[in-house]
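# Coordinates in review
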Protein chains: 2
Amino acid sequence: MKKLINSVDTVVTDALRGLAAAHPSLRVNVADKVVFRADAPRPGKVGLVSGGGSGHEPLHAGFVGYGMLDAACPGEVFTSPVPDQLIEATNGVDGGAGVLHIVKNYTGDVLNFQMAAELSGDEGVEVATVLVNDDVAVQDSLYTAGRRGTGATLFVEKIAGALAETGAPLADVARVAREVNDRSRSFGVALSSVTVPAAGKPTFELGEGEIELGIGIHGEPGRTRAPLREAREIVRTAMDAVNDDLPLSGDTLVLVNGMGGTPLLELYIVFAEVAAYLEEKGATLSRRLVGNYVTSLDMQGFSVTTCSLTDELTRLWDAPVETPALRWGR
Amino acid sequence: MKKLINSVDTVVTDALRGLAAAHPSLRVNVADKVVFRADAPRPGKVGLVSGGGSGHEPLHAGFVGYGMLDAACPGEVFTSPVPDQLIEATNGVDGGAGVLHIVKNYTGDVLNFQMAAELSGDEGVEVATVLVNDDVAVQDSLYTAGRRGTGATLFVEKIAGALAETGAPLADVARVAREVNDRSRSFGVALSSVTVPAAGKPTFELGEGEIELGIGIHGEPGRTRAPLREAREIVRTAMDAVNDDLPLSGDTLVLVNGMGGTPLLELYIVFAEVAAYLEEKGATLSRRLVGNYVTSLDMQGFSVTTCSLTDELTRLWDAPVETPALRWGR
């Protein structure tokens, strides 16, 4: 294993020190592993909190800022944050209008967010929760009951964050967050495994000419292994899975997401094929994003996420955002 | 070799189709491999043209847009663009105020840009050239006479682009571009080799516990191989090389750049150590950027680039920019 780390025990806190040094717009509690907007809490604004295992950067800490999250809680690598982190984040961003928890559907995350919501609730913070479960690949997995949450998390955080910024009440922000999740679907493909620092070796083995279709963001198995083939055929398999689950039509937001170890050059090749697929189905490529956003450490591969837009969702997507990893309009 | 491609012959053009589909703010001539700002040429504005081998994305095409480049010419992977591409770009962005060529110091690039400058000059376009040669690792290399151009290219393109946007004349834009290069230094480290699609195998071999210090962005050899060690020690070696060449002091712009295959988590760990190093030297971490900007396909590793800022350079760095890969202020 070759990694740019000081020790396997300090990976997350060392990275948080770097995050703090790189982004004065954030207030980072390195010891407790909570990343806040520097100006949190904002009085009267619904606070947005997300979190999950580290190793998916820039998710979630890279999405903390104006128009998106108010706080993020990174757990250890591929490990849920603990309730104490989530409580500190929740209480720390409550400006009196309540807090939305955005939770990817993994068993540990769900339990710990639930406990935090109850305990913060006991302290008088109103908490609503949206569960993100956009991955069509598998019904259950090593880490989940039900579908896994992947790329749509970014859409939920961006769009709900934009609505919260307008001063909308918690019920509205939660409603739009759930709507984004309901209208989103994802599918991932791995060309290589992922190596967790503490494990020191690849999570799984893939043969030289082999890919994993429907991979999870922790290296969980997908639907099947298959021989490596042309990008356009791999994309067709991924898009068919998405389209079979929720037929593509109308204005569509598309994320072509790198898993962390795949060059941007290849992601654009994938994006070209995704765009061609949408055109073939008569859907409109209305908004798009290409890059490494919801990663799996050094894994090679990509995921594609679609969201069927409404006028409201488009307007909220377009609204200004200012975070380390997503920024426009200011 | 596992890559998300359709064929080794269409890697660049397939990616350009994706770039065009992803970014309506660009006008992409896929066949000729020239990427323009959609609104080029801008009357009265100095045009900025850069280019180089593909495989370093988002450099350069990802930096085309308001406040940065007017056009970029991607060559084949790790291969200079040809003069015809550069002439089309140069003539296509000339709004009557002349054109600045931003050229990384590699022999093929230098020759082809020079030829294009002469031929566009014959057609009445005034062309100035800035050579970027910020890499302190080696004096000459497989691809260069003199120092290689790497991370400072981004600084030059951003800062000169901001000045050009104000309507400054060509001589001023060229002056500031050279000043940025003169004040910038870089050093790169590889943890793994790079695999060029057409070659199908890694460019070089690194042992399991081995790293290459002073690596080039095409996998050219650096200063030496060394055992893998803690991130803070690797960073110290890199920063010592930079600091020995141009002592760090005052307001400093820092880029910690991923080579393409390194997780963002690790880049932040590197950034924390870079920030500590600057503090130790009494320099001020004034502006910063962390991410994959000047890559080498799937190589694992990082480079660090510093630029000693003046008030003018800081102001131009902060000015609005709107490109696929770098955006703030609008």
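Residues numbered from 1 in each chain as written. Chains lettered and ligands numbered in written order. Predicted model: local features only at pLDDT ≥ 70, side-chain atom pairs only at ≥ 80, totals over all residues. Heavy atoms only, no water.

### Things to note about the interface of chain B and chain A
Contact residues are listed per partner, giving 59 residues for chain B and 59 residues for chain A. Where chain B meets chain A, there are four salt bridges. Taken together, chain B and chain A are joined by 26 residue pairs in polar contact (both at pLDDT 80 or more). Among the elements of the structure, α1 (11-22), α6 (231-245), α7 (264-281), β11 (284-291), β12 (301-308) and β14 (327-328) of chain B are those that each provide at least two residues to the side of chain B that touches chain A. (Contact = heavy atoms within 4.5 Å. Salt bridge = Lys/Arg side-chain N within 4 Å of Asp/Glu carboxyl O. Polar contact = N/O pair within 3.5 Å; in protein donor to acceptor, adjacent residues only side chain to side chain. Helix = DSSP H or I, 4+ residues; strand = E, 2+ residues; numbered from the N terminus.)

### Overview of the pairing of strand β12 (residues 301-308) of chain A
Residue and element names in this part refer to chain A. With seven of eight residues buried, β12 lies mostly within the body of the structure. In this structure, strand β7 (residues 184-190) lies alongside β12, joined through seven bridges in antiparallel fashion. When the bridges of β12 are listed, R185 appears paired with T306. Judged from the seven bridges that link them, strand β10 (residues 251-258) and β12 form a sheet pairing that is antiparallel. Among the inter-strand pairings, L253 is bridged to a residue of β12, identified as C307. (Buried < 20%, exposed > 50% of the residue type's maximum accessible area, 1.4 Å probe, protein only. Pairing = 2+ DSSP bridges.)

### Focus on the relation of the copies chain B and chain A
For the pair chain B and chain A, the relating rotation is 180°, the translation along its axis is 0.0 Å, and the fit reaches an RMSD of 0.0 Å. The transformation relating the two chain copies, once decomposed into turn and shift, fits a two-fold axis. Relative to the rotation axis, the closest C-alpha in chain B is found at G261(B), a distance of 2.0 Å. A high fraction, 100%, of the interface residues of chain B reappear at the interface in chain A, so the copies pair face to face through one surface. (Least-squares fit on C-alpha atoms with pLDDT ≥ 70 in both.)

### Quick notes on the UniProt feature "domain: DhaK" (unreviewed entry) in chain A
As recorded in UniProt, the sites labelled "domain: DhaK" (unreviewed entry) are residues 7-328 of chain A. End C-alpha to end C-alpha, residues 7-328 of chain A measures 36 Å, and it is 33% helix and 24% strand. (UniProt positions renumbered as here; feature names shortened; annotations may be inferred.)

### Here we look at the packing of aromatic side chains
All names here are of chain A. Within the structure shown, the criterion is met by four aromatic pairs over all chains. Taken together, a centroid distance of 5.6 Å and an interplanar angle of 85° make the contact between F155 and W317 edge-to-face. Taken together, the positions of F155 in helix α4 (residues 152-165) and W317 in helix α8 (residues 311-318) put the pair 162 residues apart, joining distant regions of the chain. Taken individually, F155 and W317 each receive the classification buried, so the pair is uniform in this respect. Members of the aromatic cluster, connected to one another through ring pairs, are F155, W317 and W328. The side chain of R27 reaches across the aromatic face of F36, ending 4.8 Å from its centre. Over the face of the ring belonging to Y66 we find R330, whose NZ or CZ atom lies 3.7 Å from the ring centre. (Phe/Tyr/Trp six-rings, centres within 6.5 Å; stacked < 30°, edge-to-face > 60°. Lys NZ or Arg CZ within 6 Å of the ring centre and 35° of its normal.)

### Thoughts on unusual backbone geometry
Residue and element names in this part refer to chain A. The residue after A40, namely P41, is reached through a cis peptide bond having omega -5°. Locating P41 in the fold gives a position in the loop between β2 (34-37) and β3 (47-54). Phi at L297 takes a positive value of approximately 50°, unusual for a residue other than glycine. Take L297: it is sitting in the loop between β11 (284-291) and β12.

### A short note on the side chain of D135(A)
Residues and elements named next belong to chain A. Relative to the assigned elements, D135 resides in the loop between β6 (127-132) and α4. According to the relative accessible area criterion, D135 is buried, its value standing at 2%. In terms of polar contacts, D135 uses its side chain to reach the backbone amide nitrogen of A137, at 2.9 Å. Polar side-chain contacts of D135 include one of 2.9 Å to the side chain of R148. Beyond its immediate stretch of four places on either side in the chain, D135 contacts R147, R148, T150, S186, F187 and I215.

### A look at the packing of helix α1 (residues 11-22) of chain A against α7(B)
Between α1(A) and α7(B), the least distance of the axes is 7 Å, while the angle of their chain directions is 65°. Crossing angle aside, the handedness with which α1(A) passes α7(B) is left-handed. Listed contacts from α7(B) to V11(A), D14(A), A15(A), R17(A), G18(A), L19(A), A21(A) and A22(A) of α1(A) are L265(B), Y268(B), I269(B), F271(B), A272(B), E273(B) and A275(B). Of the residues contributing to the contact of α1(A) with α7(B), the split by class is 11 nonpolar, one polar and three charged. (Axes fitted to C-alpha atoms, helices over the stretch in contact; angles between N-to-C directions. Left-handed = near helix turned anticlockwise from the far one by under 90°. Nonpolar A, V, L, I, M, F, W, Y, C, P; charged D, E, K, R; others polar.)

### Brief notes about the environment of V49(B)
Residue and element names in this part refer to chain B. The topology assignment puts V49 in strand β3 (residues 47-54). Of the residues examined, V49 reaches a relative accessible area of 0% and is grouped as buried. Each C-alpha atom, one on V49 and one on S296, is 21 Å from the other, the two residues being 247 residues apart in sequence. The contact partners of V49, leaving out residues within four places of it in the chain, are L69, A71, A89, T90, V93, V99, L100, H101, I102 and F113.

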